[in-house]
Amino acid sequence: MTPLAPGQPGQPGPRPGGGPLAWIRAHPYAFDGALALAVVVAILVGAVAEPHGPHGPFGPRFGHRDLTVTTVVLAVAAGGALVWRRRFPRSVLAATCLCTVLELLLEGGVPRAPVFCSVVIALCTLAARTDRSTTWRVGALTVLGLTAAAMLFGDRPWYAQENLAIFAWTGMAAAAGDAVRSRRAFVTAIEERAERAERTREEEARRRVAEERMRIARELHDVVAHHIALVNVQAGVASHVMDSRPDQAKQALAHVREASRSALGELRATVGLLRQSDDPRAPTEPAPGLGVLDHLVDGFVRAGLPVTLDVPEPADALPAAIDLTAYRIVQEALTNVHKHAGTGARATVRIERDPGTLTVTVLDDGGTPGPPSDAREPGGGHGLIGMRERVAALRGTAETGPRPAGGFQVRVRLPLQTPQPTRAEAPTRTCRTRDTG
């Protein structure tokens, strides 16, 4: 028969623990050898003891029955087979059943030794180390076979208590082994579920960390790209007019200082999110949103980019995530226009809100034609990638690409989490800005 190896059904692996159970798991064959020796001794003691003494079953008599060679051989064979009960449970069960039947045949129908007790141990082991269907099939065959053999070959009536004892003991052995197997499978399932839950928590923690890193990276990119672009332009203006128009150079340097201060403030707020919540130095100011869009546009106007702002009057407050995302999209789109559009380009920012969607549109006319920039192509540059990631996180849609009439467009639709009832179209305010040189 094929032995059961650790990891197969019914063959548990080593479990942590202490005490006798740990020693048994660490030395299974030593325990099985001791068990086999105990069974052999019990069979031999039962062979020489007279169970029906003057005090009943509690007072057996010794010295009135002889120990035969046949009994010794059968006891050693049946008990010795139990040493291999873990590796070959079916073969051991067959060997112990054969010894029990031989005892009935060789002793003339009068069994003198309880050899069938080895069958009880072998059947319990088989039931504990195999599946339930095998236990039912083999257990039923063993119980009925040994009971029928005792009834047919024994010298007592078929309803004798010895025959019923064989039936009862073998049946209880199969039931006990199945109960042990079920409990072992239950404990294994609980441990696997706990390990799976632990792995799931670790994976969820790693996923959240990765998402937070990506979010902070997008924030840093938007803040740095916007303000550094403004600083670069104003510094170039100051350098160009330093000798001829010092007043304008001084004004440009003031814009550089203001943009630098704003960049440092936003960087401090973004990086401050990494601090502990109880850190008194952690930032407490709210994240930017459409409410401060005018300040954003003013920065681009001072940098020389005319912007037309078409925004509805404030209605109900937007969810914080949507408000921040809309602000960052406008910031990134205007930064791209300022960096990559041609000379004299003009931009238009349009915010539209209906009961279920917030639409953000940023257009530019392209300015004076010049060499195309790869960063303005769909999918090029980290700005557009970060923009799409922001929109996808809110289950919105983003459309970016060149316009047929020239220039570039960014159109984003963000679903509002809580749809509002239909309202009359809100009045809009239009801000026409001027060129600043």
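Residues numbered from 1 in each chain as written. Predicted model: local features only at pLDDT ≥ 70, side-chain atom pairs only at ≥ 80, totals over all residues. Heavy atoms only, no water.

A. Local environment of the overall build of the protein chain. Helix and strand counts for the protein chain come out as 11 helices and eight strands. Within the span of the protein chain, comprising 437 residues, buried residues form 35% of the whole. When contacts within the protein chain are restricted to residue pairs at least 6 apart in sequence, long-range pairs at least 24 apart make up 69% of them. Per element, the accessible surface of the protein chain, about 25,000 Å² overall, is 61% carbon and sulfur. (Helix = DSSP H or I, 4+ residues; strand = E, 2+ residues; numbered from the N terminus. Buried < 20%, exposed > 50% of the residue type's maximum accessible area, 1.4 Å probe, protein only. Contact = heavy atoms within 4.5 Å. Areas by Shrake-Rupley, 256 points an atom, 1.4 Å probe, with all protein chains shown as cover.)

B. Representation of the environment of Gly406 within the structure. Structurally, the position occupied by Gly406 is in the loop between strand 6 (397–402) and strand 7 (408–415). For Gly406, a relative accessible area of 23% gives the class partly exposed. Residues Gly406 and Asp364 lie 42 residues apart in sequence; the distance between their C-alpha atoms is 8.2 Å. Here Gly406 is in contact with Asp364 and Asp365, once residues within four sequence places are set aside.

C. Structural detail: the side chain of Ser118. Residue placement: Ser118 occurs in helix 5 (residues 116–129). Polar contacts involving the side chain of Ser118 include one to the main-chain carbonyl oxygen of Val115, which spans 2.7 Å. Those residues in contact with Ser118 that sit more than four places away from it in its chain are Val39, Ala78, Leu82 and Thr96. (Polar contact = N/O pair within 3.5 Å; in protein donor to acceptor, adjacent residues only side chain to side chain.)

D. Quick look at the pattern of salt bridges. All chains considered together, the criterion is met by eight salt bridges. Salt-bridge contacts for Arg181 lead to Asp178; the nearest nitrogen and oxygen are separated by 3.0 Å. With Arg181 and Asp178 both in helix 7 (residues 161–241) and three residues apart, this pair spans about one turn of that helix. By the burial criterion, Arg181 is buried, and Asp178 matches it. Across the salt bridge formed by Arg413 and Glu399, the nearest N and O atoms sit 3.3 Å from each other. (Salt bridge = Lys/Arg side-chain N within 4 Å of Asp/Glu carboxyl O.)

E. Spotlight on a nonpolar patch on the surface. Together, Leu98, Leu102, Leu105, Leu106, Leu152 and Phe153 line one region of the surface with nonpolar side chains, adding up to about 600 Å² of accessible area. Counting only elements with at least two residues in the nonpolar patch, the list comes to helix 4 (89–106) and helix 6 (132–153). Of the residues forming the nonpolar patch, the biggest block, four residues, is contributed by helix 4. Among the secondary structure elements, Leu105 is positioned in helix 4. Taking the relative accessible area as the measure of exposure, Leu105 reaches 46% and is therefore partly exposed. (Patch = residues over 30% accessible without salt bridge, like charges linked within 9 Å, V, L, I, M, F, W, Y side chains within 5 Å.)

F. Structural detail: the nonpolar core. Within the largest apolar cluster, 41 residues are counted, with the highest numbers of intra-cluster contacts made by Leu293, Val330, Val349 and Ile351. Among the elements that line this core, the one with the most residues is helix 10 (residues 320–340), at eight residues. Not counting chain neighbours up to four residues away, the residues in contact with Val330 comprise Leu293, Leu296, Val349, Ile351, Val360 and Val362. Core analysis: the next-biggest nonpolar cluster, separate from the first, contains 26 residues, Cys97, Ala122, Ala150 and Ile166 among them. (Core = buried A, V, L, I, M, F, W, Y, C linked by side-chain atoms within 4.5 Å.)

G. How the structure looks around the pairing of strand 6. Sheet analysis places strand 6 next to strand 7, joined by six bridges and oriented antiparallel. What sits directly across from Pro402, in strand 7, is Phe408. Following strand 6, the chain reverses through five residues before pairing antiparallel with strand 7; Gly406 in that reversal takes a positive phi of roughly 110 degrees. (Pairing = 2+ DSSP bridges.)

H. Representation of the confidence of the model for the protein chain within the structure. Overall, the prediction assigns the protein chain a mean pLDDT of 75, with 72% of residues at 70 or greater. Looking over the protein chain, one finds the lowest element-wise mean pLDDT in strand 8 (residues 428–431), namely 44, and the highest in strand 7, namely 92. In this model residues 5–10 is a low-confidence stretch, pLDDT under 50, and it forms eight contacts with partners more than four residues away in sequence or in other chains. Long-range and interchain partners of residues 371–380, a stretch whose pLDDT sits below 50, account for 20 contacts in this model, where long-range means more than four residues apart. (pLDDT = per-residue confidence, 0-100.)

I. Fine view of helix 2 (residues 28–48). Over its 21 residues, helix 2 extends 31 Å from the first C-alpha to the last, a length consistent with the 30 Å expected when each residue adds 1.5 Å. If you check which residues of helix 2 are buried, you get Asp32, Ala36, Val39, Val40, Ile43 and Ala47. In a view along the axis of helix 2, the buried residues occupy a sector of 100 degrees, so they form one face of it. (Expected span 1.5 Å × (residues − 1). Arc of directions from axis to C-beta.)

J. Structural detail: unusual backbone geometry. Here the phi dihedral of Arg395 falls at roughly 60 degrees; this positive angle occurs in a residue that is not glycine. Along the chain, the position of Arg395 falls in the loop between helix 11 (382–393) and strand 6.

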